[in-house]
Structure formats: structure tokens, C-alpha cells
Amino acid sequence: QKEVEQNSGPLSVPEGAIASLNCTYSDRGSQSFFWYRQYSGKSPELIMSIYSNGDKEDGRFTAQLNKASQYVSLLIRDSQPSDSATYLCAVSLNSGYALNFGKGTSLLVTP
Amino acid sequence: GAVVSQHPSRVICKSGTSVKIECRSLDFQATTMFWYRQFPKQSLMLMATSNEGSKATYEQGVEKDKFLINHASLTLSTLTVTSAHPEDSSFYICSARDRSSYGYTFGSGTRLTVV
């Protein structure tokens, strides 16, 4: 069973702070990594994808990948109450393969 | 950007009846469609993968005769839940793979309630 592990939370951060979300995966062959945001009752929305070791920044979001440690993280800077949602980490072997999702981390940004 | 239209968004059906869920890729060709199911407080669990013109590949534990998947064209895939039971109540989400990019585009999901 290929696992994608996330702390379920809830992770509570004050508005304006940095939220740090973590994810580990078991399949060393994984090549594609994604972070999705899901609001209650809604479909996941893609935040970022990352394929190479290191950091990738997009606005307030930074994804970090360490394949040796089988670890991927998402940093959200200047957190806003509207960022409150469940964040899903997803991993796939390669393009064309299905995504394997973690259970998600619930983030609560308090005003 | 790529859009997948999923219908219906919500459906309530009686136990023993069948329900069909449609996913259409509106502006791209979806060579592969993935069907997921999500129970409350749980993550998305892959049910099956379908490629246009081929039979779907089901994940272990998913009954192929109960969850019928058709992917007859590059823009339409359907999931039919046959003889639905209350335990089939869940959030069903499709995800289309764009043949010209590396993207996965999700439908808006279908909330199925079997009473």
C-alpha cells in the first residue's frame, strides 16, 4: 500500500503568520507532487505542483520537495482567514498516473 | 484554463435504484479520466481509471459490476452506480488528464445520498 501521510490537524495560525504544512510519502518512485486546497463540500483546487528537489514559489505559497527524505511541504505566508480549508497532498508516479492523496491537514487562520 | 463539467452536483436516490454521473471536458481532450470517492473527513480514494475507448481499470475492492464506467469519447466519461445502497452515499469526483499537458483537472463533484 503506497501511503501519503499528513497530520490531520487542525493547524491553527493567526492571520498574517506563516502556515507550514507537511507531507511524507512511501513510494520512492514518485515523481510528481501536488498541493490542493479543498473547502468543505467542494472539489479540490490545485495550489501548486512540484517535480524537482528544492523550493518552488508562487505568490504567498512555497512548495518544498526533498525526494531523499520523501518529504514535501507547503508554506503559506501572510495567512488569511480565507486560507482556512483542508490542504491535500497528492503524489503520483509520473504524468498520466492517478494521484494518491493524503488525508489532508485542516488549516484554521484566526483573525 | 481546462474545465471539467460534472453533473449532477447533488442527487438523492432510493435504495436499489441506479444513478449516472457525467463528466465532460469542455475545452480539452481527456484521454484519461480518474474517478474518486470521498467519505466525510476522509481523503479522496481512487476508484477506477478509464482511458478513452478502453475498459476501465478498477482499484482493489471496488466492484466493477456495481460502478459502471464508460469513457466512449475524449470529452465524456460516465460513472453509473447500480443498485445503490446507503453505504454508497459519498462525494464522487472525476479528474481528467489533459493529453497535451501534465495537468489534472477536477470536476466539481457529485454528492450522492441513498435513502
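Above this text you will find the structure in question.
Rules used throughout
- Residues numbered from 1 in each chain as written.
- Chains lettered and ligands numbered in written order.
- Predicted model: local features only at pLDDT ≥ 70, side-chain atom pairs only at ≥ 80, totals over all residues.
- Heavy atoms only, no water.
- Salt bridge = Lys/Arg side-chain N within 4 Å of Asp/Glu carboxyl O.
- Helix = DSSP H or I, 4+ residues; strand = E, 2+ residues; numbered from the N terminus.
- Buried < 20%, exposed > 50% of the residue type's maximum accessible area, 1.4 Å probe, protein only.
- Contact = heavy atoms within 4.5 Å.
- Buried area = accessible area lost by both parts, 1.4 Å probe.
- Polar contact = N/O pair within 3.5 Å; in protein donor to acceptor, adjacent residues only side chain to side chain.
- Nonpolar A, V, L, I, M, F, W, Y, C, P; charged D, E, K, R; others polar.
- Pairing = 2+ DSSP bridges.

1. Things to note about the pattern of salt bridges
All names here are of chain A.
Okay, so step 1: Taken as a whole and judged by the stated rule, the model has 6 salt bridges over all chains.
Okay, so step 2: Its salt-bridge partner being Asp 83, residue Arg 37 comes within 3.7 Å of it at the nearest N-O pair. Of the two residues, Arg 37 is situated in strand S4 (residues 32-38) and Asp 83 in the loop between strand S8 (71-76) and strand S9 (85-92); the sequence distance between them amounts to 46 residues.
Okay, so step 3: You can call Arg 37 buried: its relative accessible area is 16%.
Okay, so step 4: Relative accessible area serves as the criterion here: at 1%, Asp 83 is assigned to the buried category.
Okay, so step 5: Arg 77 is the partner of Glu 57 in a salt bridge, and the nearest nitrogen-oxygen pair spans 3.5 Å. On the criterion of sequence distance, the pair formed by Glu 57 in strand S6 (residues 54-58) and Arg 77 in the loop between S8 and S9 is long-range, its members being 20 residues apart.
Okay, so step 6: A relative accessible area of 60% places Glu 57 in the exposed class.

2. Topic: the interface of chain B and chain A
Okay, so step 1: Across the contact, 18 residues belong to chain B and 19 residues belong to chain A.
Okay, so step 2: Roughly 1400 Å² is buried in total at the junction of chain B and chain A, and carbon and sulfur atoms are behind 57% of that figure.
Okay, so step 3: Among the residues of chain B in contact with chain A, B:Ser43, B:Tyr104 and B:Phe106 are the three that bury the most area, contributing 38% of the side total.
Okay, so step 4: There are 0 salt bridges connecting chain B and chain A.
Okay, so step 5: Linking chain B with chain A are 5 residue pairs in polar contact (both at pLDDT 80 or more).
Okay, so step 6: Across the side of chain B that touches chain A, the residue classes tally to 9 nonpolar, 7 polar and 2 charged.

3. So, the side chain of A:Ser32
Okay, so step 1: Turning to its location among the elements, A:Ser32 is positioned in strand S4.
Okay, so step 2: Residues within four places of A:Ser32 in sequence aside, it is in contact with A:Ile50, A:Tyr51, A:Ala90, A:Val91, A:Ser92, A:Asn94 and A:Ser95.

4. Structural notes on the environment of A:Phe34
Okay, so step 1: By the secondary structure assignment, A:Phe34 is in strand S4.
Okay, so step 2: Note on A:Phe34: relative accessible area 4%, which makes it buried.
Okay, so step 3: For the pair formed by A:Phe34 and A:Gly96, sequence separation is 62 residues and the distance between their alpha carbons is 14 Å.
Okay, so step 4: For A:Phe34, the residues in contact, after removing those within four places along its chain, are A:Leu46, A:Met48, A:Ser49, A:Tyr51, A:Leu88, A:Cys89, A:Ala90, A:Ser92, A:Leu99 and B:Tyr104.

5. Overview of unusual backbone geometry
Okay, so step 1: Cis geometry is found at the peptide bond from A:Gly9 to A:Pro10, where omega equals 10°.
Okay, so step 2: The phi angle at B:Lys41 is positive, at roughly 65°, despite the residue not being glycine.
Okay, so step 3: In this structure, B:Ser83 is a non-glycine residue whose phi angle is positive, near 45°.
Okay, so step 4: By the secondary structure assignment, B:Ser83 is in the loop between strand S8 (76-81) and strand S9 (90-98).
Okay, so step 5: You can call B:Ser83 partly exposed: its relative accessible area is 35%.

6. Considering the sheet that holds strand S1 (residues 4-5) of chain A
All names here are of chain A.
Okay, so step 1: Strand order in the open sheet formed by 5 strands is S1-S3-S8-S7-S6, and the pairing between neighbours is antiparallel. The open sheet terminates on both sides in strands that have one partner only, identified here as S1 and S6.
Okay, so step 2: When strand S3 (residues 19-25) meets S8, the two strands line up antiparallel, connected through 6 bridges. Counterpart to Ala 19 in the pairing with S8 is Ile 76.

7. Quick look at the side chain of A:Thr105
Residues and elements named next belong to chain A.
Okay, so step 1: Assignment of secondary structure puts Thr 105 in strand S11 (residues 105-110).
Okay, so step 2: For Thr 105, a relative accessible area of 5% gives the class buried.
Okay, so step 3: At 2.4 Å, the side chain of Thr 105 and the backbone oxygen of Asn 7 are in polar contact.
Okay, so step 4: The contacts of Thr 105, once residues within four sequence positions are left out, are Gln 6, Asn 7, Ser 8, Leu 11, Leu 21, Ala 85, Thr 86 and Tyr 87.

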